[in-house]
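# Close look at the chain arrangement
Read off the chains here:
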Amino acid sequence: MSDPLERPAEGEGAAASGPRRRFELEETGFDEVPVRYRRFYRHWRGPGDALGPNEVICPVCKVVIRSSRELREGDRLYCMACMTRLRVRRGAQGGLEADCEY
Ligand SMILES: [Zn+2]
């Protein structure tokens, strides 16, 4: 398994808005993880950049983690770039953010 989305949310959050959209991921030149995982990560390009519904920023290493599926609140992700387990939540601005799981 290589998708950072390890464990989709269960229960309410999971069923909230129907089936998850799927995304085709392309490599963007991120070379800090082994080749087969590269398309699941990209660098944040700063102001003007925007996250897709399948993307969230790792709070530890600040890279953008990308899943082949739409992300939802409560999902658990694994950031291979810094080897941290994360949990997705709804941020104050309305977008998705991630917290470390200990
Ligand atoms: Zn990370």
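Residues numbered from 1 in each chain as written. Predicted model: local features only at pLDDT ≥ 70, side-chain atom pairs only at ≥ 80, totals over all residues.

## Looking at the overall build of the chain
- Counting its regular elements, the chain contains one helix and seven strands.
- Counted from the first residue to the last, the chain has its helices and strands arranged as β-α-β-β-β-β-β-β.
- Computed over C-alpha atoms, the radius of gyration of the chain comes to 13 Å, within 12% of the 13 Å expected from 2.2 N^0.38 for 102 residues, which places it in the range of a compact globule.
- In terms of principal-axis extent, the alpha carbons of the chain reach across some 35 × 30 × 30 Å.
- Taking all 102 residues of the chain together, 24% fall into the buried category.
- Sequence separation of 24 or more characterises 47% of the internal contacts of the chain that already satisfy a separation of 6 or more. (Helix = DSSP H or I, 4+ residues; strand = E, 2+ residues; numbered from the N terminus. Rg over C-alpha atoms; globule rule 2.2 N^0.38 Å. Buried ≥ 20, exposed ≤ 12 C-beta atoms within 10 Å, placed from the backbone. Contact = placed C-beta atoms within 7 Å.)

## Digging into the sheet that holds strand 2 (residues 41-43)
- The strand order 2-4-3 describes an open sheet built from three strands, whose pairing is antiparallel. Strand pairing shows two members of the sheet lacking a second neighbour, strand 2 and strand 3 (55-57), which therefore form its edges. The average undirected angle you get between the axes of adjacent strands in this sheet is 30°.
- Across three bridges, the pairing between strand 3 and strand 4 (residues 63-66) is antiparallel. From the neighbouring strand, Val56 faces strand 4, where its bridge partner is Ile65. (Pairing = 2+ DSSP bridges. Axes fitted to C-alpha atoms, helices over the stretch in contact; angles between N-to-C directions.)

## Some remarks on unusual backbone geometry
- Residue Lys62 is not a glycine yet carries a positive backbone phi of 65°.
- Among the secondary structure elements, Lys62 is positioned in the loop between strand 3 and strand 4.
- Even without being glycine, Met83 reaches a positive phi, approximately 55°.
- Here Met83 is to be found in the loop between strand 5 (76-79) and strand 6 (84-90).

## Examining the confidence of the model for the chain
- Confidence in the prediction for the chain averages 91 pLDDT; 92% of positions are at 70 or higher.
- The spread of mean pLDDT over the elements of the chain runs between helix 1 (residues 12-15), the lowest at 58, and strand 4, the highest at 98. (pLDDT = per-residue confidence, 0-100.)

## A look at the nonpolar core
- Membership of the largest hydrophobic core comes to 17 residues, with the highest contact counts inside it found for Val56, Cys58, Ile65, Leu77, Val88 and Ala98.
- Secondary structure elements with two or more residues in this core: strand 3, strand 4, strand 5, strand 6 and strand 7 (96-100).
- Among the elements that take part in this core, strand 4 stands out by supplying three residues, more than any other.
- Residue contacts for Ala98: discarding those within four places in its chain leaves Val56, Ile57, Cys58, Pro59, Leu77, Leu86, Arg87 and Val88. (Core = buried A, V, L, I, M, F, W, Y, C linked by C-beta atoms within 7 Å.)

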